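What follows is the residue order along each chain.
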Amino acid sequence: YHDPPILNKRTIRQLAQDRYGNIWIGTQSLGLFKWTASRAVKDFNAGFEKVKNVPRTLIEKISIDSKGYVWICTMTHGVYKIDPASNEIAEHLTEDGPPQKKLFLNAAAAALEYNDSIMVIVTGAVNIYNTRSNTIRHITSTNGLPSDMIMSVEKDKKGFLWLGLLNGLCRINLEKNTFTYYDRNDGMLNDNFNLASSYILPDGKFVFGTSDDF
């Protein structure tokens, strides 16, 4: 058990390990921290530092892409793409960006690497970010989504996206632009899903956290 003084006993919401073996820590209200393994050889607590380029805010989700970049989803400041070797911000995506590259909202629940050129970012609706063309297109209820209140996202082995909604689950076929909706009428005991609460198990099954239980 460890209680690092730098975290001031605040709630930790997210943990992710980068390609260098370091741990990125998202908190409830203090923003982002990093634990560097090489600095903690003699003193575990010496490995911690505050990532100053990210403001003090709620960190909803941390994910690592195939190139090693760390994607930080915040409640109030959009999404940060960070180079883990330098802690420098490679990109900062917000709702105030240029028309062709702006998020639907700043409240970001998740960022998922769909393939080598597409990041799927959940900010109320779905943002499809093409990292090669540096453009973002939005998928919203006007395009067929059951709701613009998306809590989480995962991708299955067939390439379908699964969205945990405030009410229900939605499966998206991005190639055909089709949507399939599931809720308690399909046998779910609880279809009210929480923010950033999904996970893929080793056997490929999904876990989506609800407001009461899993």
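It should be noted that the structure appears before, not after, this text.
Rules of the game
- Residues numbered from 1 in each chain as written.
- Predicted model: local features only at pLDDT ≥ 70, side-chain atom pairs only at ≥ 80, totals over all residues.
- Heavy atoms only, no water.
- Buried < 20%, exposed > 50% of the residue type's maximum accessible area, 1.4 Å probe, protein only.
- Helix = DSSP H or I, 4+ residues; strand = E, 2+ residues; numbered from the N terminus.
- Pairing = 2+ DSSP bridges.
- Polar contact = N/O pair within 3.5 Å; in protein donor to acceptor, adjacent residues only side chain to side chain.
- Phe/Tyr/Trp six-rings, centres within 6.5 Å; stacked < 30°, edge-to-face > 60°.
- Lys NZ or Arg CZ within 6 Å of the ring centre and 35° of its normal.

## What to know about the pairing of strand β2 (residues 23–27)
- Counting buried positions along β2 yields four of five residues, so the element is predominantly enclosed.
- When strand β1 (residues 12–17) meets β2, the two strands line up antiparallel, connected through five bridges. Bridging across to β2, Gln14 finds its partner in Gly26.
- Joining the antiparallel neighbours β1 and β2 is a turn of five residues, in which Gly21 adopts a positive phi near 85°.
- In the sheet, β2 pairs with strand β3 (residues 32–35) via four bridges, with the strands oriented antiparallel. Each residue of the ladder has a partner; that of Ile23, found in β3, is Trp35.
- Connecting β2 to the antiparallel partner β3 that follows it, the hairpin turn spans four residues, and Gly31 within it adopts a positive phi of roughly 95°.

## Re the environment of Thr142
- Within the secondary structure layout, Thr142 lies in the loop between β12 (135–139) and β13 (150–155).
- A distance of 2.7 Å separates polar atoms of two side chains, one belonging to Thr142 and the other to Thr140.

## Concerning the packing of aromatic side chains
- Per the stated rule, a full pass over the model turns up seven aromatic pairs.
- Ring centres of Trp35 and Phe44 lie 5.3 Å apart, and the angle between their planes is 35°; this geometry places the pair in the tilted category.
- Given a relative accessible area of 16%, Trp35 falls into the buried group.
- For the pair Phe206 and Phe208, a centre-to-centre distance of 5.9 Å together with 90° between the ring planes defines the contact as edge-to-face.
- Connected via pairs of aromatic rings, a cluster forms that spans Trp162, Tyr182, Phe193, Phe206 and Phe208.
- Directly above the aromatic system of Phe33 lies the positively charged group of Lys50, at a separation of 5.7 Å from the ring centroid.
- Stacked on the ring of Phe160, the Lys or Arg Arg171 has its end atom at 4.6 Å from the ring centre.

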